[in-house]
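# Observations on the three-dimensional arrangement
Given next are the chains, with one letter for each unit.
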Amino acid sequence: MNITSVESLKGRDFLSLGDLSNQEFQGILDSALEIKQGFKQGDKPALLQGKTLAMIFEKQSLRTRSTFDIAMYQLGGHSVLLSQNYIGWGVRETIRDVASNLERWTDGIMARTYGHETLTELAEHANIPVINGLSDLLHPCQLSADYLTLKEEFGDLSGLKITFVGDGNNVSNSHIYAAMHAGAALTIACPEGFDPDENVLRQARDQGAQVDIYRDPRQAAVGTDVLYTDVWISMGQEEESEKRKKAFAGYTITPEWFADLSPRGIFMHDLPAHYGEECTEEAVYHQRSRVFDQAENRLHAQKAILYQLLADH
Ligand code: CP
Ligand code: NVA
């Protein structure tokens, strides 16, 4: 199998798509497609033979946990699952001590955290790559899988019209960087007070990202190629449930919205879905939906990320 290698990613952390160049992001998508196609044709090289990934979770997960575990196994490596309950980091011992131990036994760490600064602290002290499996600020692995899905759907991503409807959260923040790398035009529709992170927006706009903020979600969806949504209440925001449900009135995506999309328009969601809030079950199971392709592509995109960061190439 011929796999695109991005030498500049070897040994690096993967905390934010904002840390990558456009070429590095494209290289991840190219190699993900090569690994995916090869695997489906029975070509299963042990690209991570003998490598070990530690996986740390402060929050719940279905997709991230399963797909990193399966990716390591299918590439000839191994993963070790650690939850906050097991290791008690920051309580039982410091994050620096956790990093100083793990780097002696493992080749990389994937972590899902509340505060993004927990990840940066881990990365600062660990001499091995640290991968962001979601923080309150960003979700770069999700957006890598999503842009792989878009590449398969549309081919060329430059000039694509993408609309994110919902909370300016971790998923929307990583969308901004991904759209910037892809040369896509991104519209984010959110109520006032729920905008994406202002530092992410500023950095991406400084680098040429085309991002518009709308307050009318139905208007934002008109003519778009990609209608994307995510939960209104992210993990850790449960106490704000009632306030958020009120603020997002009128933001529930149903299949009726799909008539307004461009003729080739698709619907996306990173999952889990809160049905009756950001969208209905009919939207997720509609023929315009690519939701489960996105979920599948978590596996292929993360294989590419692991290959670029950890493999001996
Ligand atoms: N989309 C996503 O990250 O799913 P999990 O929370 O189940 O990992
Ligand atoms: N914004 C959501 C994404 C879940 C994958 C959350 O942080 O809970």
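Relevant structure appears above.
No experiment lies behind these values; they were computed from the predicted model shown.

In this section: the sheet that holds strand S8 (residues 226-229). In space, the 5 strands of this open sheet follow the order S7-S6-S5-S8-S9, with parallel pairing throughout. The open sheet terminates on both sides in strands that have one partner only, identified here as strand S7 (210-214) and strand S9 (266-269). Averaged over all pairs of adjacent strands, the angle between strand axes in this sheet comes to 20°, irrespective of strand direction. Two strands pair when backbone bridges link them, and S8 and S9 are joined in this way by 4 bridges, in the parallel orientation. Considered in S9, the bridge of Val226 is made with Ile266. Each of strand S5 (161-165), strand S6 (185-189), S7 and S8 touches helix H7 (residues 170-182); the most contacted strand, S6, lies at about 160° to it.

With 13 residues, H7 extends 18 Å from end C-alpha to end C-alpha; this agrees with the ideal 18 Å at 1.5 Å per step. Most of H7 is tucked away, with 13 of its 13 residues classed as buried. In this structure Asn169 caps H7, since a side-chain oxygen of it lies 3.0 Å from the backbone nitrogen of Val171. The first or second residue beyond H7 is Gly183, which carries a positive phi of 75°.

Further remarks concern unusual backbone geometry. Between Leu271 and Pro272 the backbone carries a cis peptide bond, its omega angle lying at 5°. Note on placement: Pro272 falls in the loop between S9 and helix H11 (281-284). Residues other than glycine seldom take positive phi values, yet Leu134 does so here, at roughly 115°. Within the element layout of this structure, Leu134 appears in the loop between strand S4 (130-132) and helix H6 (140-154). With phi around 70°, Leu271 is a residue other than glycine that occupies positive phi space.

Let us now look at the sheet that holds strand S2 (residues 78-83). Strand order across the open sheet formed by 4 strands is S2-S1-S3-S4, with parallel pairing between neighbours. A strand with exactly one partner marks an edge of an open sheet, and here the two such strands are S2 and S4. Taken over all neighbouring pairs, the strand axes of this sheet differ in orientation by 20° on average, direction set aside. Relative to S2, strand S1 (residues 52-57) runs parallel, the two being bridged by 6 bridges.

Turning our eyes to something else, we now look at the packing of helix H1 (residues 22-40) against H6. Relative orientation of the contacting elements H1 and H6 amounts to 70°, with a least axis distance of 10 Å. As far as their axial angle goes, H6 and H1 are roughly perpendicular. Handedness of the crossing formed by H1 with H6: right-handed. Along the contact surface, H1 presents Phe25, Gln26, Leu29, Asp30, Ala32, Leu33 and Lys36, while H6 presents Leu143, Ser144, Tyr147, Leu148, Lys151 and Glu152. Each residue belonging to the contact of H1 with H6 can be placed in one class, and the counts come to 7 nonpolar, 2 polar and 4 charged.

For the coordinates displayed, the defined rule picks out 0 disulfides. Sulfur of Cys279: no disulfide; nearest cysteine sulfur belongs to Cys190 and is 18 Å away. Accessibility expressed as a relative area gives 0% for Cys279, which makes it buried.

With 63 residues, the main nonpolar core has Phe14, Ile131, Tyr147, Leu150 and Leu306 as its most contacted residues. In terms of residues, this core owes the most to one element, helix H12 (residues 291-310), which gives 8 residues. Setting aside chain neighbours within four positions, we find Leu306 in contact with Leu48, Leu53, Phe68, Ala71, Met72, Ile131 and Ala311.

Here the focus is the environment of Asp230. If you trace the backbone, Asp230 turns up in the loop between S8 and helix H10 (241-247). Residues within four places of Asp230 in sequence aside, it is in contact with Phe164, Val165, Asn169, Asn170, Val171, His269, Asp270 and Glu278. At 2.7 Å, the side chain of Asp230 and the side chain of Asn169 are in polar contact.

About the cut-offs
- Residues numbered from 1 in each chain as written.
- Chains lettered and ligands numbered in written order.
- Predicted model: local features only at pLDDT ≥ 70, side-chain atom pairs only at ≥ 80, totals over all residues.
- Heavy atoms only, no water.
- Pairing = 2+ DSSP bridges.
- Helix = DSSP H or I, 4+ residues; strand = E, 2+ residues; numbered from the N terminus.
- Axes fitted to C-alpha atoms, helices over the stretch in contact; angles between N-to-C directions.
- Contact = heavy atoms within 4.5 Å.
- Expected span 1.5 Å × (residues − 1).
- Buried < 20%, exposed > 50% of the residue type's maximum accessible area, 1.4 Å probe, protein only.
- Polar contact = N/O pair within 3.5 Å; in protein donor to acceptor, adjacent residues only side chain to side chain.
- Parallel < 35°, antiparallel > 145°, perpendicular 65-115°, else oblique.
- Left-handed = near helix turned anticlockwise from the far one by under 90°.
- Nonpolar A, V, L, I, M, F, W, Y, C, P; charged D, E, K, R; others polar.
- Disulfide = S-S within 2.5 Å.
- Core = buried A, V, L, I, M, F, W, Y, C linked by side-chain atoms within 4.5 Å.

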